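So the chains spell out like this:
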Amino acid sequence: MRGKVRPSEEQLVYAYVLDRGMKIGLVFLTLTFLVYIFKLFPPHIPIEKLPSLWGLNVHQYLKTTNIQRGWTWIYNLNKGDFLNFLPVAFLAGLTILCYLRMLFIYIKKKDIIYSLLVFLQIIILLVAASGILKVGGH
Amino acid sequence: MILAILLFLFNPLWGAETSLNEVGANSLLPWWAWPLLLFFATFILGIIAVLGGVGGGVLFVPIVGGFFPFNLDFVRGAGLLVALCGSLAAGPGLLRRGLADLRLTIPLALIASSSAIVGAMIGLALPKNVINILLGVTILGIVAIMFIAKKSEFPEIKEADALSKALKIYGTYYEPSTGKEIEWKVHHTPLALSLFVFIGLMAGMFGLGAGWANVPVLNLLMGVPLKVAVSTSKFLLSITDTSAAWIYLNSGAIIPMIVVPSILGIMLGSIVGVRVLAVAKPKFIRWVVILLLSFSGLRALLKGLGIWT
């Protein structure tokens, strides 16, 4: 007997969105990686050159490869390596989707404190995702 | 098998970082050998992580950072994504079974994810030797926590604190071993929230995931039953690591050739690990995890100090 414990509505909705999104993201990630390694789309950095680059720190790496920080990869999705950023960004953005869905439920339930907490969390994740926050060099 | 794993992971050819970078650049190995080795290594780490009851990220960063020719910036970025994908995969089941609790997670995640952003920014701005020293000290600290932290399956809470009452943080879950529904509530919420500032910082700075710190705080400090603490911690990582992962992604510290084989390897390893769990000897595996972490933590520390380069 499993017991009568039943999670809250928002918890089940969150689980549903997360489950679907995670599966889509992982399939997508595998497919774009296959596109990349089989060179169906030519990569920005030739794959053979990677071993001479992945030992550099991120600042030297970006300078050497002439890659811009932030969302510039979105303009280069015709390149095999940048294409992989799409499912990575999707997986990293999945929590924001789940929280947006949850926000509506908490507002509907008039749970003011949790509506506010969820709203703040969405803002924080959006700020992190926006690329506004810059990292200094080392 | 364990001996083979150790030999594989601690192959002296993959010794020092400077020489490793040269190994990477001047390697006789074709380019595809490294992601393939990474896939197999993370597959094994995925099995060990499940059997040892630790997250993939905490094993991934020190071991891959110490024994592969990748810069620690990219290893930490990949480590966060590995931990993130593991928690995204586990989240739905834990939420549906009522083991992970959303009301408990939301305030903690807000604090931890905010500080994880700061941690990620600090981590990417610090020199590599400083990061290695801090990583080494942290990993050795985690080993100490694994040794000394006790666990309480069903902590007794006399009275919930005012903040947790206001936030309505309490719940019930079904415990199959006793066939009973266990009610739980929490205390010391303000102190726990302040500790999550540091947990988030560490998670973001080192890309480790933070289950090793979440569980003791949830279980021992707040009094959350062990199963709910472990499950909520796993789910919590999906939010904490998301914010830090964005910082690494936007800073360019993501190389798909490192990230994707790692994610796929560790997830497949976790699936196999769950099956092996039924026949494994948990105490022995726990010692393997402690040994692996001690060795790689020491290596990171000595590398940072310039003693073992």
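All figures in this text were calculated on a predicted structure; none of them were measured in a lab.

### Some points on the overall build of chain B
Summing up its helical and strand segments, chain B has 13 helices and 2 strands in all. Here chain B, with 309 residues, has 59% of them falling under the buried criterion. Within chain B, contacts between residues separated by at least 24 positions form 83% of all contacts whose residues are at least 6 apart in sequence.

### Points about the overall build of chain A
Each helix and strand in chain A was counted, giving 5 helices and 0 strands. Helices and strands in chain A line up, N terminus first, as α-α-α-α-α. For chain A, whose C-alpha radius of gyration is 20 Å, the value lies well above the compact-globule estimate of 14 Å for 138 residues. Overall size of chain A, expressed as C-alpha extent along the three principal axes, is 55 × 40 × 25 Å. Going through the 138 residues of chain A one by one, you find that 36% of them count as buried. The contacts of chain A with a sequence gap of at least 6 include a subset with a gap of at least 24, amounting to 69%.

### Points about the interface of chain A and chain B
Contacts between the two partners involve 56 residues from chain A, matched on the other side by 62 residues from chain B. Elements supplying a minimum of two residues to the side of chain A that touches chain B: α1 (9-37), α2 (58-65), α4 (85-108) and α5 (112-130) of chain A. With 12 residues, the single largest contributor to the side of chain A that touches chain B is α1(A). Considering only residue class, the side of chain A that touches chain B consists of 35 nonpolar, 14 polar and 7 charged.

### Re the nonpolar core
In terms of nonpolar packing, the biggest core is built from 142 residues, with Val88(A) and Leu81(B) touching the most fellow members. Element by element, the count of residues in this core is highest for helix α5 (residues 72-96) of chain B, at 15 residues. When sequence neighbours within four positions are dropped, the list of residues in contact with Val88(A) reads Leu29(A), Leu81(B), Leu249(B), Ile254(B) and Val259(B).

### Observations concerning the pairing of strand β2 (residues 180-185) of chain B
The two faces of the sheet receive side chains in turn, since in a regular strand these alternate between them. Residues and elements named next belong to chain B. Inspection of the sheet shows strand β1 (residues 170-175) paired to β2 by 6 bridges, in the antiparallel sense. Bridge pairing in β2 places Gly171 opposite Trp184. Connecting β1 to the antiparallel partner β2 that follows it, the hairpin turn spans 4 residues, and Gly179 within it adopts a positive phi of roughly 70 degrees.

### Looking at the environment of Leu36(B)
Within the fold, Leu36(B) resides in helix α3 (residues 33-52). In this structure, the C-alpha to C-alpha distance between Leu36(B) and Trp184(B), residues 148 residues apart in sequence, is 46 Å.

### Observations regarding the packing of helix α9 (residues 189-206) of chain B against helix α11 (residues 226-250) of chain B
Residues and elements named next belong to chain B. The interhelical angle for the contact between α9 and α11, taken along N-to-C directions, is 45 degrees, at an axis separation of 9 Å. The angle between the axes of α9 and α11 places the two elements in the oblique class. Where α9 crosses over α11, the two elements pack in a sense that is right-handed. Packed against α9, whose contacting residues are Gly200, Ala203 and Gly204, the element α11 presents Thr240, Asp241 and Ala244 at the interface. For the contact of α9 with α11, a count of residues per class yields 2 nonpolar, 3 polar and 1 charged.

### Considering unusual backbone geometry
In the Ramachandran plot, Lys110(A) falls in the positive-phi region, its phi being about 55 degrees despite a non-glycine side chain. The backbone of His188(B) shows a phi angle near 55 degrees, a positive value even though the residue is not glycine. Within the fold, His188(B) resides in the loop between β2 and α9.

### Some words on the environment of Leu104(B)
All names here are of chain B. Here Leu104 is to be found in helix α6 (residues 102-125). For Leu104, a count of 26 C-beta atoms within 10 Å gives the class buried. Sequence spacing of Leu104 and Ile169 is 65 residues, and the spatial spacing of their C-alpha atoms is 5.6 Å. Leave out the neighbours within four places in its chain, and Leu104 touches Ile169, Val224 and Thr232.

### Remarks on α3(B)
Given 3.6 residues per turn, any residue in an α-helix points the same way as the ones three and four places further on. Relative to the 28 Å expected for 20 residues at 1.5 Å per residue, α3(B) spans 28 Å between its end C-alpha atoms, a close match to the ideal helical length. Counting buried residues in α3(B) gives 15 out of 20 residues, a clear majority hidden from the surface.

### What about the environment of Thr242(B)?
By the element assignment, Thr242(B) lies in helix α11. Linking Thr242(B) and Phe40(B), residues 202 residues apart in sequence, is a C-alpha distance of 25 Å. If we ignore the near neighbours within four places in the chain, the residues touching Thr242(B) are Ala92(A), Thr95(A), Leu125(A), Leu84(B) and Ser113(B).

### Examining helix α10 (residues 211-221) of chain B
Residue and element names in this part refer to chain B. Where burial is concerned, most of α10 is hidden: 9 out of the 11 residues are buried. Of the surrounding secondary structure, the elements contacted by the buried residues of α10 are α4 (56-67), α7 (128-148), α9 and α11. Where α10 terminates, the next one or two residues include Gly223, which has phi positive at roughly 85 degrees.

### A word on the confidence of the model for chain B
Residue and element names in this part refer to chain B. Averaged over all residues, the pLDDT of chain B equals 85, while 89% of them reach at least 70. The element-level mean pLDDT for chain B is lowest in helix α1 (residues 2-9), coming to 42, with helix α8 (residues 162-166) highest at 96. Here residues 1-23 scores under 50 on pLDDT; set against residues more than four positions off or in separate chains, the count is 19 contacts. Reported confidences for the modelled complex are a pTM of 0.86 and an ipTM of 0.92.

### Describing the packing of α5(B) against α11(B)
Residue and element names in this part refer to chain B. Look at α5 against α11: their axes get within 7 Å of each other, and the N-to-C directions meet at 145 degrees. The chirality of how α5 crosses α11 is left-handed. Where α5 abuts α11, its residues Arg76, Gly77, Leu80, Leu81, Ala83, Leu84, Ser87, Leu88, Ala90, Gly91, Leu94 and Leu95 lie against Ser231, Lys234, Phe235, Leu237, Ser238, Asp241, Thr242, Ala244, Ala245 and Tyr248.

Scoring rules and cut-offs
As a convention, each chain's residues are numbered from 1 in the sequence order in which they are written. Both sets of labels track the order of writing: A upward for chains, 1 upward for ligands. For this predicted model, a pLDDT threshold of at least 70 governs which residues receive local features, and a threshold of 80 or more governs which side-chain atom pairs are given and counted, while totals over whole chains, interfaces and linings are taken from all residues. Helix and strand labels come from DSSP, where a helix needs a run of H or I of at least four residues and a strand needs a run of E of at least two; each type is numbered from the N terminus. The burial criterion counts other C-beta atoms lying within 10 Å of a residue's C-beta, which is placed from the backbone; the residue is buried at 20 or more, exposed at 12 or fewer, and partly exposed between these limits. Here, residue contact means that the backbone-derived C-beta atoms of the two residues sit within 7 Å. Radius of gyration: C-alpha atoms only; globule rule: 2.2 Å multiplied by the number of residues to the exponent 0.38. Each residue gets one label: Ala, Val, Leu, Ile, Met, Phe, Trp, Tyr, Cys and Pro are nonpolar, Asp, Glu, Lys and Arg are charged, and the others, such as Gly, are polar. Each nonpolar core reported here comprises buried Ala, Val, Leu, Ile, Met, Phe, Trp, Tyr and Cys residues connected via C-beta atoms within 7 Å. At least two DSSP bridges between two strands are needed for those strands to be called paired. Only the stretch in contact is used when fitting a helix axis, every axis being a line fitted to C-alpha atoms; angles between N-to-C directions are given from 0 to 180 degrees. Here is the rule for angles: anything less than 35 degrees is roughly parallel, anything more than 145 is roughly antiparallel, 65 through 115 is roughly perpendicular, and the remaining ranges are oblique. With the far helix as reference, a near helix turned anticlockwise by less than a right angle produces a left-handed crossing, and one turned clockwise produces a right-handed crossing. To estimate how far a helix should extend, the number of its residues minus one is multiplied by 1.5 Å. As a per-residue quantity, pLDDT reports the predictor's confidence and falls between 0 and 100.

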